[in-house]
Amino acid sequence: MERPEYEFARQDLDFLHWWGVPTLFRCPHVADPRACDIALVGAPHSSGNGTTWRDQHLGPRSMRDVSMAYRRLHLPWQFDPWSACRINDLGDVPIYETLVNDRAVREIEAFYGAIDRAGACPVSIGGDHSISLAILRAIAGPESRHRQPAAVVHFDAHYDTYDDFPNWYGAYDSAGHWASKSVHERHVDATRSVQIGIRGHDVWMDPGKTSRELGYRIVTKDEFDDDLGIDGTVELIRERVGILPVYVSFDLDALDTAIAPAVSNPEPGEEGLTMKEAIRVIQGMRGMNVIGADVVELMPSLDSPNAMTAQNATRIAFELICVIADRLSNIDGAG
Ligand SMILES: [Mn+2]
C-alpha cells in the first residue's frame, strides 16, 4: 500500500511508543558489543533487593515500551546522539541463576566484561541496584580497559553503603552494598565520588557513617536545596571528579515520589529531586569522561497507568546517553 500521502504518516509511526518491535529508544537490536560505541543493555535482575517490592526485573521491558517514543534530538545542544555514535540495543543480560543474587551478579559481571573488552560504553536499564556492582567490577578498576578506579556520581535517596549488616537476607552483593563493595574492591575511588539526593529518616541514627569513612562527598537533599543548588552541585562534581573516568548511577528514588512512584524503596516523606534539577545536573557533566551509566530500581508493576516513572526514567537515560555520545563524537569521531 504505497501512497505518497502515507509517507508522512509512515515516518510519524516511529514516534509512537506502541508501534513497531520494542527496543530501547528504537535502536537496532545488535547483540555484538563490538558494533557499539554505546551499548544499551537491559539488566532484568531483582534478587539483590527483594524485601520491599520485587519487580525490578520487569524494568527493561517497560523501558523498551516507553522509550520507543523518545528517539529524540537534544535541542539545547543542537545534537543528534543517534547519528553521532553507533548506539544499539544489546538486549537483556541472560541471567540463569536469577533467584540466587550473588551468582546472578557474577553472571551480569561476565556479560559486561565482554562490553568492556569491546570498548563500548554501557548505558543500562535495571534491575535493582546490585547490577551497578556487577557493572563496576567489569568496567572500572585496574583490571578494566580504563586501568584505574573510577569516580562515581550516584543519585539516590539512600547511601547503599550498609556494611553494618553483612548481608541482605542472604544477598552479600546486594543493592545495599554495591556503593561500599565497589570501593573495597578498588573499582571505585570514593574520595573522587559524590552521592546526591540522600533524604529521609532511617532506622540507624547515622546511616551515612560508612559513606563518610570511605570518603564519599555526600550531598543530601537538604544541602542541595538550602545551599548548593544545581550550579553548586555541578561545580562540586566537576571539581571532585576532574578528568577521572566516571560512572553515573541513577536510582529513580532520588526523584520525588510524586513523579517517580514506581521505585523499589520509595521515600515519600520528603521531596526528592525534580526532573529539572536531575536533568540540569546531568547536563552539567557535559564533556566529562563518562564511561557508563545506569538507571535502576524501576518497578513497573507500581507505575501509574501512563507509566510516568518509566517516562521520566527514559528522559534521564536520554540525557545520560547524550552526555556520553557528545563526548565520544568530539574525541574520536565515532560513527
Ligand atoms: Mn535508593
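The following paragraphs examine the structure supplied in this document. (Residues numbered from 1 in each chain as written. Predicted model: local features only at pLDDT ≥ 70, side-chain atom pairs only at ≥ 80, totals over all residues.)

**Points about helix α8 (residues 221–241)**
In step 1: In this model α8 runs just 20 Å from its N-terminal to its C-terminal C-alpha over 21 residues, more than 12% under the 30 Å that 1.5 Å per residue would give.
In step 2: Taken as a whole, α8 carries its principal kink of about 95 degrees at leucine 228.
In step 3: Among the residues of α8, those classed as buried are Lys221, Phe224, Thr233, Ile237 and Val241.
In step 4: Next to the buried residues of α8 lie β4 (151–155), β5 (194–198), β6 (217–220), β7 (246–251) and α9 (275–283).
In step 5: Count one or two residues on from α8 and you reach glycine 242, which has phi positive near 60 degrees. (Helix = DSSP H or I, 4+ residues; strand = E, 2+ residues; numbered from the N terminus. Expected span 1.5 Å × (residues − 1). Bend = angle between axes of the 7 residues up to and from the residue. Buried ≥ 20, exposed ≤ 12 C-beta atoms within 10 Å, placed from the backbone. Contact = placed C-beta atoms within 7 Å.)

**Notes on unusual backbone geometry**
In step 1: Look at the link from glycine 126 to glycine 127: it is a cis peptide, with omega at 10 degrees.
In step 2: Structurally, glycine 127 can be placed in the loop between β3 (121–126) and α5 (130–139).
In step 3: Phi at arginine 147 takes a positive value of approximately 60 degrees, unusual for a residue other than glycine.
In step 4: Note that arginine 147 resides in the loop between α5 and β4.

**Examining the pairing of β5**
In step 1: Of all the 5 residues making up β5, 5 are buried; the element is thus mostly covered by neighbouring parts of the structure.
In step 2: Here 3 bridges tie β4 to β5, and the two strands are oriented parallel to one another. Bridge pairing in β5 places histidine 154 opposite glutamine 195.
In step 3: With respect to chirality, the unit in which β4 leads through helix α6 (residues 178–184) into the neighbouring parallel β5 is right-handed.
In step 4: Sheet topology places β5 next to β6; 4 bridges connect them, and they run parallel. Opposite isoleucine 196, over in β6, you have valine 219 as the bridge partner. (Pairing = 2+ DSSP bridges. Right-handed = clockwise from strand over helix to strand, strands pointing away.)

**Digging into helix α2 (residues 59–67)**
Counting along an α-helix, one turn takes 3.6 residues, and residues three or four places apart therefore face a common direction.
In step 1: In terms of burial, α2 is largely enclosed, as 7 of its 9 residues are buried.
In step 2: Taken together, the buried positions of α2 are Gly59, Pro60, Ser62, Met63, Arg64, Val66 and Ser67.
In step 3: Against the buried residues of α2 lie β1 (38–43), β2 (87–92), β3 and α10 (308–331).

**Some details on the sheet that holds β2**
In step 1: What the 8 strands build is an open sheet, ordered β2-β1-β3-β8-β7-β4-β5-β6; its pairing is parallel. At either end of the open sheet lies a strand with only one pairing partner, and these are β2 and β6. On average, each strand axis in the sheet is inclined to that of its neighbour by 15 degrees, with strand direction left out of account.
In step 2: Two elements, β3 and strand β8 (residues 290–296), share 3 bridges in a ladder whose sense is parallel. Paired with isoleucine 125 across the strands is valine 295, a residue of β8.
In step 3: The strands that α8 touches are β4, β5, β6 and β7; relative to β6, the one it contacts most, it runs at about 145 degrees. (Axes fitted to C-alpha atoms, helices over the stretch in contact; angles between N-to-C directions.)

**Looking at the nonpolar core**
Within soluble globular proteins, side chains that are nonpolar generally end up buried alongside one another.
In step 1: Ile38, Leu40, Ile108, Val246, Leu320, Ile321 and Ile324 are the most contacted members of the largest nonpolar core, which has 92 residues in total.
In step 2: Not counting chain neighbours up to four residues away, the residues in contact with leucine 320 comprise Val123, Val248, Ile282 and Ala293. (Core = buried A, V, L, I, M, F, W, Y, C linked by C-beta atoms within 7 Å.)

**Some details on the packing of α9 against α10**
In step 1: For the pair α9 and α10, interaxial distance at closest approach is 9 Å and the crossing angle is 15 degrees. Classed by the angle they form, the pair α9 and α10 counts as roughly parallel. The handedness of the crossing between α9 and α10 comes out as right-handed. Taking contact as the criterion, the partners of Met275, Ala278, Ile279, Ile282 and Gln283 in α9 are, on α10, Asn312, Arg315, Ile316, Glu319, Leu320 and Val323.
In step 2: Its residues placed into classes, the contact of α9 with α10 shows 7 nonpolar, 2 polar and 2 charged. (Parallel < 35°, antiparallel > 145°, perpendicular 65-115°, else oblique. Left-handed = near helix turned anticlockwise from the far one by under 90°. Nonpolar A, V, L, I, M, F, W, Y, C, P; charged D, E, K, R; others polar.)

**Here's the deal with the environment of threonine 257**
In step 1: In this structure, threonine 257 sits in the loop between β7 and α9.
In step 2: The class for threonine 257 is partly exposed, based on 19 C-beta atoms found within 10 Å.

**Topic: the packing of helix α4 (residues 101–118) against α5**
A pair of packed helices is captured by two measures, namely the crossing angle of their axes and the spacing between those axes.
In step 1: Taken N-terminus to C-terminus, the directions of α4 and α5 make an angle of 40 degrees; their axes are 8 Å apart at the nearest point. Judged by the inter-axis angle, α4 sits oblique to α5. α5 is crossed by α4, and the crossing has right-handed handedness. Taken together, the residues of α5 that come into contact with α4 (itself represented by Asn101, Val105, Ile108, Glu109, Tyr112, Gly113 and Asp116) are Ser130, Ile131, Leu133, Ala134, Ile135, Arg137, Ala138 and Ile139.
In step 2: Looking at side-chain class alone, the contact of α4 with α5 contains 9 nonpolar, 3 polar and 3 charged residues.

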